[in-house]
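One-letter residues, chain by chain:
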Amino acid sequence: MRKYSAFAIAREAFRHHSGWQRAWRSPEPKKSYQVVIVGAGGHGLATAYYLAKNHGIRDIAVIEKGWLGGGNTGRNTTIIRSNYLQDESAAIYEKARGLYEGLSAELNYNIMFSPRGVMMLAQTEHELRGYHRINQANAIQGVATEMLTPEQVKSKVPIMEINGPRYPVLGALWQARGGTARHDAVAWGYARAASDLGVDIIQQTEVTGITQSGGQVTGVQTTRGDISCKKLGIVVAGHSGVLAEMAGFRLPIESVSLQALVSEPIKPCIDVVVMANTVHGYLSQSDKGELVIGGGADGYNNYTQRGSFHHVEETVRALIETFPIISRLKQLRQWGGIVDMTGDRSPIIGKTPLGGCFINCGWGTGGFKSIPGSGWALAATMASGEPDELAAPFGLERFAEGRFIDESVAAGVAH
Amino acid sequence: MSFRLPNAGCLIDRSNPVSFTFNGKPVQGYKGDTLASALMAADQRMLGRSFKYHRPRGLVASGGEEPNALMNMGEGARFEPNQRATTTEVFDGLTARSQNHWPSLNFDIGALNNRLARFFPAGFYYKTFMKPQWAWKHLFEPIIRNSAGLGQVPTERDVDRYEYFYAYTDILIIGGGVAGLEAALESGRSGAKVLLLEQSPHFGGRFMVDDIEVDGRDGPAHIAHLLAEIAKLPNVTLRARTQGAGVFDHGYALGYERLTDHAPAATPRHRLWRIRAKRIITATGALERTLNFAGNDIPGVMLASAVRDYIRLYGVTSGARTVVVTNNDDAYRTALTLYAAGLEVPAIIDARPNGGGEMSDQARALGIRIETGHGVAKVIGKKHVTAVEVCLQSGTGGAVESIACDCVAISGGFSPVVHLWSHCGGKLNWDEENAMFSPDPSRPPTDQNGEGFVLAAGTASGALGTNACISTAVTAAHQAADEVGRSIKEEAAPRLTQTPDETPMAPIWTMPAQAPYKLRSKTWLDFQNDVKVSDVQLAAREGYESVEHTKRYTTLGMATDQGKLSNINGLAVLAGALDAEIPQVGTTTFRPPYTPISLGSIAGEASGPLFKPTRKTAIDGWHKSHGAIFEPVADWRRAYAYIQAGETTQDAITREILATRGAVGLFDASTLGKIIVKGPDAGKFLDLLYTNMMSTLKPGKCRYGLMCNENGFLMDDGVVARLDEDTFLCHTTTGGSDRIHAHMEEWLQTEWWDLEVFTANLTEQFTQIVVAGPNARKVLEALGGTDVSREALPFMGFIDGKLAGIQARIFRISFSGELSYEIAVPASQGLLLWNLLLQAGADFGIAPYGTEALHVMRGEKGFVVVGDESDGTVTPHDLGMSWAVSKKKEDFIGKRGMQRSFLMAAGRKQLVGLRTLSDTEKLPESAHAVEGGKAIGHVTSTYFSPTLGHPIAMALINGGQSRMGEVLDFPVGSKVHKARVVDLVFYDKEGAQQDV
């Protein structure tokens, strides 16, 4: 892999940029791999990358139905934070956040991680108590968060209306080291680095079946033929239930469409990420200048990656009350992504009833921020065959045991 | 130079001048002008700067597809960035400023980027700025952020009003050109309810500018004829200035009406139409494509159709001397129009080896020079066009001639507007002959019944010729009418149209065909975002082969026009680079809205006081006038405490508690949910819903109940009263009333539909007032009318009767631990009863108390509050309320969940009381108990108890019940608070106070 650098750009500038290599190879699938990962989103690619890098397993295919990074990795609102209430959540999200900090340099691909700070507004006394609780929990977990006064909120976000009248800002939970990253670049960066380590990324290839023998996975059937493997990772947020069915088990997951939109680009006006859970909306400004707005999830199950309008209106109303100057900006585009919702809104990472088959799903609305940590944990789990320390609490068996990791008290609607 | 022509311009009123300013400079236009046409008339050719390289930008188009002419519009509270000049009607006093430059439009420091363009190819930022780690956030990103963005940031709150409009229609037609109007007339004749939306202020579309004859009428006359015919049909509604913005599942569509953008200060400004249509006809026309040659972004290079629009509609020309460059016949219309307007056309450069059809003969006959098989090597000019260099189309760009000109009219063919067809899943076909994607009628968006609900008509369906355009509209109208259950009885006579014979277009994706890198790196695809042919080719070479990858890597089509001009050209270039067919490459996804819509319109009326209106009880006004401070609880506001002169909030809370415990208190509990559950199976239903048994409750009695979700976690609590054999009244928490009602209905409708049970939420119908304290009975007796003695109305009973002549239901329930009555009366009588109670209680020391006093008193009693002591992870057992979980019932929601191993395990968090070692030090909110560096629980409620004179707290602690007497550490910040685990009930453990 030829390194990216300012020097490389300068060199190419004088030869019409003719020397750039492919970011990732486009190989023909082999008949057999040691490991097959289904799904070339951020999670799947990160899993492949860490399998290769941390565990020396390089005989890997990542099989993708469409284009890599085209699922929720390319549809989310790019927020990264780890201020979670439950210790198990905080551990894996903080691992992910920490990896994000050094990811551009590690992958030699600028994923634009920008620790601009994530602010979660408390707009009722109840919510304020909830954030105090998270703040206290974070202090014990070693996750750096602090409580802000309304005045501190205002000084960080001058365009915010903190005096209500309906829901005055009573305070905020602030994670200074949270922020955003360029979502596509995360997928591309992992893809390029994984490909360089020998991982075959097979795009435009749909897995149509999973083969097994004696309770052990033997391979996958695809639109480009059968591929055998010793270990299989299913990492297909939004379609997890479909793949699980192929593997012969069921998941406690509902699939719903989560709504998001962007405004037209304007000059910089907000430098942090703001999440307002009482009124259901969150907002940040991209480097391009668009306000990136996340809303709620549709109240019905479906697989269409389309935006519906009803949540958008609630979200926009709430944000105009919170940021009155945005009323005359225009909505440029709205879309939806299918998120896996588990009973406790926490992910499933680990073994499945099918031997050699592992799954990573159920991230709900919080998948993007966890990509490096999730890939790290699933890679370790697949390499050893037993749940890694970060992954262990998130096993599928917890639903049968009732051992929930419920963030609902802390997370509200938005992750 | 661009200028106003002495005549022509069917939309402007020359007797009605309009004055406005551009960049502070006064400009005059006419009523009917767009900002774009008026600026063109004033010879203002440069209107902005591009996003990345800050290159000069002028008008390209005449409609919503315009990528360049974006303005900072208006001032102060009516300031709006990124408004398209092409869709802005001028009015007196309009102020417009160009965007994305500093210090001025003419001299922009940012244009330095243009000089360095070779260092900034597509995606350069992914390849650098990686080290040191801090530098991205603190150095590089701020520079990028400040140079990106387009319009300025508004600084004031919007003063305009917006509204929603709900419409139900049989047939929704989007687009008011000839196809839309023909479809409206035809389907209207069936009697179906028809609504037609047109985004511009005028109907007729391209029929107003193209020389077409229908039934012996010219284009404008035919449109006038159609409008007159439609006006006779009361079932057909036409709306101008209303964009069909989006098509969603189930025939839901959005219309965006800009009512007063052309006349500010009138309100509402925008109206968002939320339409349910049985069938939708998209008659949205087609957009012309640009041609890809070097310098095609220089001001003065415009779409040929737009050049024609400006002359015909507004009487302005973008140049005195226009070279027409084309790959199809339509651009000849522009050449003929220019000629007819007395303007010079030094040459028509037709890339097709054999040139065009009938119109090319006309042009030649008029003496216009036509060069076939030629193309443009590059455009000469910096801030506007001065010449074009002509070359052989098949070659590498060697100039054969330079032609001086001040305008270049280009046409790369047309693309049907398929956005609305595609929003909800309609699929496309590649039309080889016209090199365009058009709707595939066999794969339309489907509705809830699996049937197609969108039909495409006119050029939007791919029917580019006039005859086909009209006939597809008529066909679509017939099909839509049929499908909504109307039939068109009389067949309208087919239109007789007169159009010149045309020669097929030739797909030309780069000009010249063999353009070298030097030219390709100066050939723009996306004008706003500065994406060039070389960028797309670079993306393809680097493996960003999916059209979505290319889009995201290069930002092609991500500008405010969402690729209306650039997408097809871009993906053709991508296909070329990949050596693939265009349909294999496919399109990116079309997302709503069609063109951007204001956020204000999405919020609609629901802003300010109408944003989540505050729910108030019947006594709210009294609270307000008696010193109450409020807290929001769900959508309600509740009195938190009543502050008297000289009191702090804490003083008031203390006084209220002592008054209640010592004499009698009065509390407005109206916000508690009140749901009637009625029917022969009501008892059975409630047994399934609550954890405890409700069917055994006797009429006239109350029982406190818990509700869990399927996982066995507490979700709500409240007192259930059995009114009669078939009727229960279920009280819920304030926040729970709507949620629990929906929960009941969900189970009844989806799982237990066989139960004969009906529910009704009566929360707002009743005022509920708590009279609590040792003197409570005396107060009620003073009102008189009902025997409320212990014998007549024992604890956990209720009675219907009159109090001071008001029909009331009196419950003996207590959340304070005192002798307590809750009195429900119709909301209309609530304030009256409140006042009567205050009067009657005056002699007994009555005092109203707020929610905080309520909370402290229930804390003293160890009563839980759902949402404080529970958080969605807590079972009734964890709260020490196993007594409320039936062991007898075969099933209830949560029973199975609660039996899972982890929920049964020892060591779970259990609710306990906490007593700080110091009598003055209250535990902080949400403090965590820490043991060996690990959290073992947290404080759920913490108060200072005025009754007991020391702080109290409740906490969920791992294995709490077995830790009685232990002292735990609660580190908060640098301080470690210490508290002993004690019994939950701090006050009146025996319950002697409440059962008297």
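Since this is a predicted model, take the numbers as computed values, not measurements.

**Details of the overall build of chain B**
Right, on to step 1. Broken down by element type, chain B carries 25 helices and 53 strands.
Right, on to step 2. Looking at chain B residue by residue over its 996 residues, the buried ones come to 62%.
Right, on to step 3. A sequence separation of at least 24 residues applies to 66% of the contacts in chain B between residues at least 6 apart.
Right, on to step 4. Total accessible area on chain B is roughly 36000 Å²; 53% of this is exposed by carbon and sulfur atoms.
Right, on to step 5. A distance of 5 Å separates the average location of the 99 positive side-chain charges in chain B from that of its 110 negative side-chain charges.

**Structural notes on the overall build of chain A**
Right, on to step 1. Along chain A, the regular secondary structure elements total twelve helices and 18 strands.
Right, on to step 2. For 415 residues, the compact-globule estimate of 2.2 N^0.38 gives 22 Å, and chain A sits close to it at 21 Å.
Right, on to step 3. Across its three principal directions, the C-alpha atoms of chain A cover 65 × 65 × 40 Å.
Right, on to step 4. In chain A, buried positions account for 70% of the 415 residues.
Right, on to step 5. Taking as baseline every contact in chain A between residues at least 6 positions apart, the subset at least 24 positions apart corresponds to 75%.
Right, on to step 6. Accessible surface, chain A: about 12500 Å² in total, of which carbon and sulfur atoms supply 51%.
Right, on to step 7. Across chain A, the centroid of the 40 positively charged side chains sits 7 Å from that of the 38 negatively charged ones.

**Comments concerning the packing of aromatic side chains**
All names here are of chain B.
Right, on to step 1. If you walk through the whole model with that rule in mind, you get 40 aromatic pairs over all chains.
Right, on to step 2. Summarising the aromatic geometry, the rings of Tyr125 and Tyr126 are spaced 5.0 Å apart at their centres and angled 75 degrees between planes, so their arrangement reads as edge-to-face.
Right, on to step 3. Residue classification places Tyr125 among the buried residues on the basis of a relative accessible area of 17%.
Right, on to step 4. With centroids separated by 4.8 Å and ring planes inclined at 65 degrees, the aromatic side chains of Trp430 and Phe437 adopt a geometry described as edge-to-face. For the pair shown, Trp430 and Phe437 are each scored as buried.
Right, on to step 5. One Lys or Arg, Lys532, reaches over the ring of Trp524 and ends 5.8 Å from the middle of that ring.
Right, on to step 6. The residue whose ring lies beneath Arg661 is Tyr987, and the NZ or CZ to ring-centre distance is 3.9 Å.

**Things to note about the pairing of strand β45 (residues 806-811) of chain B**
Residues and elements named next belong to chain B.
Right, on to step 1. The pairing of strand β44 (residues 798-803) with β45 spans six bridges and is antiparallel. Opposite Leu803, over in β45, you have Ile806 as the bridge partner.
Right, on to step 2. Looking at chain direction, β45 and strand β46 (residues 820-826) are connected through three bridges and run antiparallel. Paired with Phe811 across the strands is Glu822, a residue of β46.

**A look at the packing of helix α4 (residues 178-188) of chain B against helix α10 (residues 466-483) of chain B**
Residue and element names in this part refer to chain B.
Right, on to step 1. For the pair α4 and α10, the least separation of the axes is 8 Å and the interaxial angle reads 35 degrees. Pair α4 / α10 crosses with right-handed handedness. Between α4 and α10, the residues in contact are Val178, Ala179, Glu182, Ala183, Glu186 and Ser187 and Cys469, Ile470, Ala473, Val474, Ala477 and His478, respectively.

**Topic: the sheet that holds strand β6 (residues 171-175) of chain A**
Right, on to step 1. Strands sit in the order β5(A)-β6(A)-β4(A)-β13(A)-β14(A)-β15(A)-β12(A)-β16(A)-β34(B) across an open sheet of nine strands; the sheet is mixed. Edge positions in the open sheet fall to β5 (146-148) of chain A together with β34 (597-598) of chain B, since each of these has one partner strand only.
Right, on to step 2. Strand direction decides the pairing type here: strand β16 (residues 330-342) of chain A and β34 of chain B, joined by two bridges, are antiparallel. Bridging from a neighbouring strand, Gln331 of chain A pairs with Ile597 of chain B of β34 of chain B.

**Overview of the nonpolar core**
Right, on to step 1. Within the largest apolar cluster, 90 residues are counted, with the highest numbers of intra-cluster contacts made by Leu35, Met71, Ile173, Ile281, Tyr310 and Ile348 of chain B.
Right, on to step 2. Sorting elements by how many residues they give to this core places helix α6 (residues 304-314) of chain B first, with seven residues.
Right, on to step 3. Dropping the residues within four chain positions of it, Ile348 of chain B is found in contact with Val324, Thr326, Tyr332, Ala335, Ala363, Ile368, Arg369, Ile370 and Glu371 of chain B.
Right, on to step 4. Tyr50, Ile60 and Tyr84 of chain A together with Tyr544 of chain B belong to the second largest nonpolar core, which has 70 residues in total.

**Let's talk about the pattern of salt bridges**
Residues and elements named next belong to chain B.
Right, on to step 1. For the structure shown, the criterion picks out 91 salt bridges over all chains.
Right, on to step 2. A salt bridge links Lys978 to Asp969, with the shortest nitrogen-to-oxygen separation between them at 2.6 Å.
Right, on to step 3. With a relative accessible area of 37%, Lys978 lands in the partly exposed category.
Right, on to step 4. Asp969 gets classed as partly exposed once you look at its relative accessible area, which sits at 27%.

**Quick notes on the side chain of His549 of chain B**
Right, on to step 1. Residue position: His549 of chain B is located in helix α13 (residues 547-554).
Right, on to step 2. The exposure class assigned to His549 of chain B is buried, which follows from its relative accessible area of 1%.
Right, on to step 3. Once residues lying within four places of it in the same chain are set aside, the contact partners of His549 of chain B are Trp24, Trp67, Leu68, Trp188 and Gln203 of chain A together with Tyr544 of chain B.

**Details of the domain arrangement of chain A**
Residues and elements named next belong to chain A.
Right, on to step 1. According to the domain assignment, chain A contains domain 1 (27-81 + 85-107 + 183-252 + 344-411) and domain 2 (118-180 + 255-340).
Right, on to step 2. Inter-centroid distance (C-alpha atoms) of domain 1 to domain 2 is 27 Å.
Right, on to step 3. Contacts between the two partners involve 28 residues from domain 1 and, on the opposite side, 32 residues from domain 2.
Right, on to step 4. Regarding the contact of domain 1 and domain 2, the summed buried area is about 2400 Å², with carbon and sulfur atoms giving 54% of it.
Right, on to step 5. Residue Glu101 pairs with Arg177 through a salt bridge whose shortest N-O separation is 3.2 Å.
Right, on to step 6. Listed by contribution, the elements that provide at least two residues to the side of domain 1 that touches domain 2 are β3 (79-80), α3 (87-101), α8 (240-247) and α12 (408-411).

**Let's talk about the sheet that holds strand β12 (residues 217-218) of chain B**
Residues and elements named next belong to chain B.
Right, on to step 1. The three strands are arranged β12-β11-β31 in an open sheet whose pairing can be described as antiparallel. Two strands bound the open sheet, and with one partner strand each, they are β12 and β31 (497-498).
Right, on to step 2. Pairing of strand β11 (residues 213-214) with β12, which is carried by two bridges, proceeds in the antiparallel orientation. What sits directly across from Val214, in β12, is Arg217.

**Thoughts on the interface of chain B and chain A**
Right, on to step 1. If you look at the interface, chain B gives 120 residues, while chain A gives 103 residues.
Right, on to step 2. In total, about 9700 Å² of surface goes out of reach between chain B and chain A, with carbon and sulfur atoms giving 55% of it.
Right, on to step 3. On inspection of chain B and its partner chain A, the count reaches 14 salt bridges.
Right, on to step 4. Note that Asp249 of chain B and Arg306 of chain A form a salt bridge whose closest N and O atoms lie 2.7 Å from each other.
Right, on to step 5. At the junction of chain B with chain A, the criterion picks out 61 residue pairs in polar contact (both at pLDDT 80 or more).
Right, on to step 6. Among the elements that make up the side of chain B that touches chain A, the one with the highest residue count is helix α3 (residues 133-147) of chain B (eight residues).
Right, on to step 7. Residues that form the side of chain B that touches chain A fall into these classes: 51 nonpolar, 35 polar and 34 charged.

**Quick word on α13 of chain B**
Side chains of residues three or four places apart in an α-helix project in the same direction, reflecting 3.6 residues per turn.
Right, on to step 1. With eight of eight residues buried, α13 of chain B is to be regarded as a mostly interior element.
Right, on to step 2. Of all the residues in α13 of chain B, the buried ones are Val547, Glu548, His549, Thr550, Lys551, Arg552, Tyr553 and Thr554 of chain B.
Right, on to step 3. Elements that come into contact with the buried residues of α13 of chain B comprise α7 (183-196) and β16 of chain A together with β33 (531-532), α12 (533-541), α14 (567-578) and α15 (582-585) of chain B.
Right, on to step 4. A side-chain oxygen of the first residue of α13 of chain B lies 3.1 Å from the backbone nitrogen of Glu548 of chain B; this N-cap is Ser546 of chain B.
Right, on to step 5. Of the residues one or two after α13 of chain B, Thr555 of chain B is the one with positive phi, at around 70 degrees.

**Here's the deal with the pairing of strand β39 (residues 702-708) of chain B**
A regular strand carries its side chains on alternate faces of the sheet.
Right, on to step 1. The element β39 of chain B is largely enclosed, with a buried count of five among its seven residues.
Right, on to step 2. Adjacent in sequence and paired antiparallel, β39 of chain B and strand β40 (residues 714-724) of chain B are bridged by five residues, among which Gly712 of chain B carries a positive phi angle near 90 degrees.

**What about the environment of Thr128 of chain B?**
Right, on to step 1. Looking at where Thr128 of chain B falls in the secondary structure, it is placed in the loop between α2 (112-115) and α3.
Right, on to step 2. Sequence spacing of Thr128 of chain B and Ser487 of chain B is 359 residues, and the spatial spacing of their C-alpha atoms is 65 Å.
Right, on to step 3. Once residues lying within four places of it in the same chain are set aside, the contact partners of Thr128 of chain B are Ser5, Ala6, Ile9 and Asn110 of chain A.

Scoring rules and cut-offs
Along each chain, the written sequence defines residue order, and numbers are assigned to residues from 1. Chain letters start at A and ligand numbers start at 1, both assigned in the order the entries are written. Note on the predicted model: pLDDT of at least 70 is required for a residue's local features to be given, and 80 or more for side-chain atom pairs to be given and counted; whole-chain, interface and lining totals, by contrast, use all residues. Each side-chain value is derived from all of the structure's non-hydrogen atoms; neither hydrogens nor water enter the calculation. Secondary structure elements follow DSSP: runs of H or I of four or more residues count as helices, runs of E of two or more count as strands, with numbering from the N terminus. Only protein chains enter the accessibility calculation, which uses a 1.4 Å probe. A residue is then buried if its area is under 20% of the maximum for its type, exposed if over 50%, and partly exposed in between. Note on definitions: a residue-residue contact is assigned when non-hydrogen atoms from the two residues lie within 4.5 Å. Throughout, the Shrake-Rupley method with a 1.4 Å probe supplies accessible areas, and for residues the shown protein chains are the sole cover considered. Think of it this way: Lys and Arg go in the positive column, Asp and Glu in the negative one, and His and the chain ends go nowhere. The location of each charge is read from NZ of Lys, CZ of Arg, CG of Asp or CD of Glu. The globule rule used here is 2.2 Å times the number of residues to the 0.38 power, and the radius of gyration it is set against is calculated over C-alpha atoms. When two rings of Phe, Tyr or Trp (its six-membered ring) have centres within 6.5 Å they constitute a pair, described as stacked for plane angles under 30 degrees, edge-to-face for angles over 60, and tilted for the intermediate range. Two limits define a charge over a ring: the Lys NZ or Arg CZ must be within 6 Å of the ring centre, and within 35 degrees of the ring normal. Pairing between strands requires that DSSP locate at least two bridges from one strand to the other. All axes here are fitted lines through C-alpha atoms, helices being fitted over the stretch that makes contact, and every angle between N-to-C directions spans 0 to 180 degrees. With the far helix as reference, a near helix turned anticlockwise by less than a right angle produces a left-handed crossing, and one turned clockwise produces a right-handed crossing. In plain words, nonpolar cores are sets of buried Ala, Val, Leu, Ile, Met, Phe, Trp, Tyr and Cys residues tied together by side-chain atoms within 4.5 Å. Here, a salt bridge means any side-chain nitrogen of Lys or Arg that lies within 4 Å of a carboxyl oxygen of Asp or Glu. Residue ranges assigned to each domain were obtained from an automatic or database domain assignment. When two components associate, each loses some accessible surface as probed by a 1.4 Å sphere; the sum of these losses over both components is called the buried area. Within 3.5 Å is the distance limit for a polar contact, defined as a pair of N or O atoms, with the added protein rule that one can donate a hydrogen and the other accept it, and that residues adjacent in sequence qualify only through two side-chain atoms. Only Asp, Glu, Lys and Arg are considered charged in this grouping, and only Ala, Val, Leu, Ile, Met, Phe, Trp, Tyr, Cys and Pro are considered nonpolar; every other residue, Gly among them, is considered polar.

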